[in-house]
Amino acid sequence: MSVHQPSDVKRITTHTLQAMKRAGEKIAMLTAYDFSMARILDAGGADVLLVGDSASNVMAGHETTLPITLDQMIYHAASVVRGVQRALVIVDLPFGTYQGDSKMALKSSIRIMKESGAHAVKLEGGQEVEDSIRRILSAGIPVMGHLGLTPQSIYKFGTYTVRAKQEAEARRLLKDAKMLEELGCFGMVLEKIPAELAQRVSESIEVPTIGIGGGMHCDGQVLVTQDMLGITKDFHPRFLRRYAELFEVIQGATEAYVKDVKAREFPNDKEQY
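Numbers given for residues are sequential positions, taken from 1 along each chain in its written order. Per-residue local features of the predicted model are confined to residues with pLDDT of at least 70, and side-chain atom pairs are confined, for both listing and counting, to 80 or more; whole-chain, interface and lining totals are unaffected and use all residues. Here the side-chain values reflect all heavy atoms present in the structure, with hydrogen atoms and water set aside.

Visitor: Go over the pairing of strand E5 (residues 143-148) with me, naming the residues and quoting the values.
Guide: Residues in a regular strand point their side chains to alternate faces of the sheet. Accessibility here uses a 1.4 Å probe with only protein chains present; expressed as a share of the type maximum, an area under 20% marks a residue as buried, one over 50% as exposed, and anything in between as partly exposed. We count a stretch as a helix when DSSP gives it H or I for four or more residues in a row; a strand needs E for two or more, and each element gets its number in order from the N terminus. Taking burial as the measure, the six residues of E5 include six buried ones, the bulk of the element. Because side chains alternate across E5, one face comprises the buried residues Val143, Gly145 and Leu147, and the other comprises Met144, His146 and Gly148, equally buried. Note: two strands are recorded as paired if DSSP finds a minimum of 2 bridges between them. Sheet topology note: the strand E4 (residues 120-122)/E5 ladder contains two bridges and is parallel. Bridging from a neighbouring strand, Lys122 pairs with Met144 of E5. Relative to strand E6 (residues 187-191), E5 runs parallel, the two sharing five bridges. Looking at the pairing, Gly145 lines up with Met188 of E6.

This is the structure in structure tokens:
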């Protein structure tokens, strides 16, 4: 297998994703928060890396996504961008940096793009964030939407259960999806909604939908990498498939290292100068 040099690598763009939807090719997206993991995921062929505000949970141990700051998101995003040759890098606008203030939304997005080198931003919500999306797009910054379960609104919903099971909410979500497309969003995440509704949305718009708990008919899928790799242990939603059990692997390696150090078996003669 030949090793790609940077000049050989064809970067994924927002246009690539739309072409993939037209061709019926599914989009594989994962989260990334640091340089080392971003390099691995990029080499593994992930089309999109999302620098998610889920870093608040996964990297910092917070209960919700709300505490993470814009500065922290930029730090994570810049680290990811340095590890990527091919994947499109999208960054979540964190809570409090865009809601109800379109000027702040633009300012936050410009900071992300300038200071991290990322390729696009993502924000949660439909009609209520229309002004923010318009203003960000007017500056030439690509925007991805996010409908369904919107974790930044956890205290409004009071629960992380499936959204849009009632027809009225389903109709509103469909309307919001069409509005996001008309505004110029290049795609949208559909989180934790009935598969049938996700299919209706995906078939009624021309931009890609990325599902997380949205079923098989979305144009792509996203998982939190640490969940997919089995690094996080206490999270078992129906939509999650674990592709590895790295908690046990890393714990086992740590135990072996500790044992060798305690037994004076590491380092040995060959492992010293």
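Structure shown, so let's carry the discussion forward.
Visitor: Which residues make up the packing of aromatic side chains, and what are the values?
Guide: Each pair of aromatic rings taken from Phe, Tyr and Trp, with Trp reduced to its six-membered ring, is defined by centres within 6.5 Å and is described as stacked if the planes are under 30 degrees apart, edge-to-face if over 60, and tilted in the remaining cases. In total, this model carries two aromatic pairs according to the counting rule given. With a centroid separation of 6.5 Å and 70° between ring planes, the pair formed by Phe235 and Phe239 is classed as edge-to-face. Under the relative-accessibility criterion, Phe235 is labelled partly exposed at 35%.

Visitor: Talk me through the pattern of salt bridges; I want residue IDs and the actual numbers.
Guide: Think of a salt bridge as a Lys or Arg side-chain nitrogen and an Asp or Glu carboxyl oxygen that are within 4 Å of each other. Overall, the coordinates contain 11 salt bridges when judged by the stated rule. Among the salt bridges present, the one from Arg86 reaches Asp47, with a minimum N-O distance of 3.0 Å. In this pair, Arg86 sits in the loop between helix H4 (70-81) and strand E3 (88-92) while Asp47 sits in the loop between helix H2 (35-43) and strand E2 (48-51), placing the two residues 39 residues apart along the sequence. Given a relative accessible area of 24%, Arg86 falls into the partly exposed group. Owing to a relative accessible area of 6%, Asp47 belongs among the buried residues under this scheme. Linked by salt bridges that have partners in common, Asp71, Arg111 and Glu115 make up one network.

Visitor: Break down H4 for me, with residues and values.
Guide: A helix is expected to reach a length of 1.5 Å times the quantity of its residues less one. Across its 12 residues, H4 extends 16 Å between first and last C-alpha, which sits within 8% of the 16 Å expected from 1.5 Å per residue. Taking burial as the measure, the 12 residues of H4 include nine buried ones, the bulk of the element. Along its buried surface, H4 packs onto H2, E2, helix H3 (55-58), E3 and helix H5 (102-116). Contacts are residue-level and defined by heavy atoms, with any inter-residue pair within 4.5 Å sufficient.

Visitor: Before we move on, can you summarise the sheet that holds strand E7 (residues 209-212) with the specific residues and values?
Guide: What the eight strands build is a closed barrel, ordered E1-E2-E3-E4-E5-E6-E7-E8; its pairing is parallel. Across the sheet, the axes of successive neighbouring strands diverge by a mean angle of 25°, strand direction being ignored. All axes are obtained by fitting lines to C-alpha atoms, using only the stretch in contact for helices, and the reported angles, taken between N-to-C directions, cover 0 to 180 degrees. Packed on one face of the sheet, H5 meets E3 and E4 and runs near 135° to E4.

Visitor: Before we move on, could you go through the state of the cysteines and cite the residues and values that matter?
Guide: The disulfide criterion used throughout: a pair of cysteine sulfur atoms within 2.5 Å. Summed over the entire model, instances satisfying the criterion amount to zero disulfides. The thiol of Cys185 is unpaired, and the distance to the nearest cysteine sulfur, on Cys218, comes to 16 Å. What makes Cys185 buried here is its relative accessible area of 2%.

Visitor: Give me the lowdown on H5, citing residues and values where you can.
Guide: The end-to-end C-alpha distance of H5, which contains 15 residues, comes to 21 Å, matching closely the 21 Å that a straight helix rising 1.5 Å per residue would cover. Within H5 the residues assigned to the buried category are Ser102, Ala105, Leu106, Ser108, Ser109, Ile112 and Ser116. The arc that holds every buried residue of H5, seen down its axis, measures 165°, which confines them to one face. Residues of H5 that are exposed and point more than 90 degrees away from the buried face comprise Lys103, Lys107 and Lys114. Of the surrounding secondary structure, the elements contacted by the buried residues of H5 are H4, E3, E4 and helix H6 (130-138). Of the residues that open H5, the one with a side-chain oxygen 3.2 Å from the backbone nitrogen of Lys103 is Asp101. Gly117 lies just past H5 and shows a positive phi near 80°. This arc is taken over the directions from the axis of the helix to the C-beta atoms. Here a polar contact is taken to be a pair of N or O atoms separated by no more than 3.5 Å, where protein atoms must pair a possible hydrogen donor with a possible acceptor and residues adjacent in sequence count only if both atoms sit in side chains.

Visitor: Any details on the packing of H5 against H6? Residues and values, ideally.
Guide: Packing of H5 against H6 brings their axes to within 8 Å, and their N-to-C directions diverge by 45°. What the angle tells us is that H5 and H6 run oblique. In the crossing of H5 with H6, the sense of the turn from one axis to the other is right-handed. Contacts from Ser102, Lys103, Ala105, Leu106 and Ser109 in H5 reach Asp131, Ser132, Arg135 and Ile136 in H6. These descriptions rest on fixed angle ranges, namely under 35 degrees for roughly parallel, over 145 for roughly antiparallel, 65 to 115 for roughly perpendicular, and the rest for oblique. A clockwise turn of the near helix away from the far one marks a right-handed crossing, whereas an anticlockwise turn of less than a right angle marks a left-handed crossing.

That is the geometry; function is a separate question.
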